[in-house]
Structure formats: C-alpha cells, structure tokens
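Here's the letter readout for the chains.
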Amino acid sequence: FAKSDARVTIELERFPADSRQPADKDTQYGLLFSEEDIAGKDGYFEFRLPALLASYDPCRMTVRSGPDVVVIDDILIGEVWFAAGQDNMAQTVRTSDAESLLVDCVNLSATRFFQMSVDGLSDLVKEYSYTPLGEAQGGEWQRGDQTYLMGDISAIAFTFARDLHYAWDIPVGVVIASCPGTYIHSWLPREIIESDPVMKNHIREVRLYRDR
C-alpha cells in the first residue's frame, strides 16, 4: 500500500552468488524487471514479477513511492510449498526425532521458512476475522542455517525442505500455517461442509457449526 493515487515503481535485480563468477553467458545479472503503477484511491497497488528458473543467485527487490523506499535483499528463486495442518504438522523439530538433523543446518542457508504466530493473532489483530486478511500476523522468513530458530519450526516442514533441497539442488521455501488443537472441519471449505449433510449434522451436534 502507498498513498492514494501515488506513483509506485519496482525493480528486481539479480547478483551472482558468492561461490560463482558472473561468467555464465546464459544467466542475466543486474536489472531483470522494472515497472511502475499508480496506487488506487485506497492506496493499493500490485506488480506481477516474471517467472524465473530456480537459482542460488540472490535477488533484490526495490519498491519506491516518492521519498519512501522499501528494499528486500537475499531473495532466492526456487520451490515454494505450503505446510498446513494440526498437531502432526505443528510438532517441532526440537520435540521430534528430527532434532538430530539440526547439525546439518550449516548447509541449509538456501532453505527458507515463513513462520507466523501459532494462533494467527497479534497485538494488532486480537480477534479472528470473518474474511481473509492481507498479511500473516507475527510472520517472518527464517533461514535454514539459523539453528537457534529451526528447533521451533514444524519438523515435517524442516525435513521435507531439507530432503527436497538435497534431491533437486535448488532453494526451497515453506510457508508454515500449522495450528495444533484445531478441528479437521476448520480446514475444509464451507461449501464442502454445506454439501455433506452427515458432516454438517455432526458439526451441529457437537455445537461447532457457525452461520458465518
């Protein structure tokens, strides 16, 4: 978001990884993409970045609007997966047999995990919304080589990203949206529940049906 009707520009640049020399003539470095947009009355703007092949070469994205500049460094291009579920998905590395793999973190700087608050709430958003929100509460990207953080993320997400990274030799990112202690119907689209009378009646019987 920016100021109403403000002009916004974006630039995406790529740089050679530390272990590589920019000698590959088939790889473009420097400015990959640039575009500008005018924010709407509500300040909303949007850019669609080009599809890129997986690479360890880091990218930098710069967004400008008037005197305001936002720079995001160390962006890697690769596989992105979504890890959602309840207790099994939420079990952490530290509380599972995956803890022995933490010694391998030194090799996992190209694996990234988006971690958010367990209950999805924050000081800014203290109650659940009936409609999707524009951002995850308390969310941040963590690198696989941050051993002190990896012990507290999903064991399934960690081992999956590690194995895929080694198998395909590309960066891997996982968005973790696990929430322990939730009911399975909480994860189902409303139209699925409404179309299944057995499921809908059961949810009514346990007094967990909501009309919104």
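Here, the structure is the one placed above.
*Asks:* Looking at this model, I keep getting lost on the overall build of the chain. Mind explaining?
*Replies:* The secondary structure content of the chain amounts to five helices and eight strands. Listing every helix and strand of the chain by position from the N terminus yields β-β-β-β-β-α-β-β-α-α-β-α-α. Considered along the principal axes of its C-alpha atoms, the chain spans approximately 65 × 50 × 35 Å. Across the 212 residues of the chain, 33% fall into the buried class.

*Asks:* How do you make sense of the nonpolar core when you look at a structure like this?
*Replies:* Counting residues in hydrophobic clusters, the biggest one holds 18 residues, and the most contacted among them are V93, F113, M150, I153, F158 and V174. When contributions to this core are tallied by element, the ones reaching two or more residues are α3 (155-168) and β8 (172-178). Take this core: its biggest share by element is five residues, from α3. What F113 contacts, discounting residues up to four positions off in sequence, is E140, W141, Q142, G144, M150, I153, A157, F158, A161, V174 and I176.

*Asks:* Help me understand the packing of aromatic side chains in this model?
*Replies:* Any pair of aromatic rings gets described here by the distance separating the centres and the angle formed by the planes. Summed over the entire model, instances satisfying the criterion amount to five aromatic pairs. Seen from the ring of Y209, R204 lies directly overhead, with NZ or CZ sitting 4.2 Å from the centre.

The rules we used
- Residues numbered from 1 in each chain as written.
- Predicted model: local features only at pLDDT ≥ 70, side-chain atom pairs only at ≥ 80, totals over all residues.
- Heavy atoms only, no water.
- Helix = DSSP H or I, 4+ residues; strand = E, 2+ residues; numbered from the N terminus.
- Buried < 20%, exposed > 50% of the residue type's maximum accessible area, 1.4 Å probe, protein only.
- Core = buried A, V, L, I, M, F, W, Y, C linked by side-chain atoms within 4.5 Å.
- Contact = heavy atoms within 4.5 Å.
- Phe/Tyr/Trp six-rings, centres within 6.5 Å; stacked < 30°, edge-to-face > 60°.
- Lys NZ or Arg CZ within 6 Å of the ring centre and 35° of its normal.

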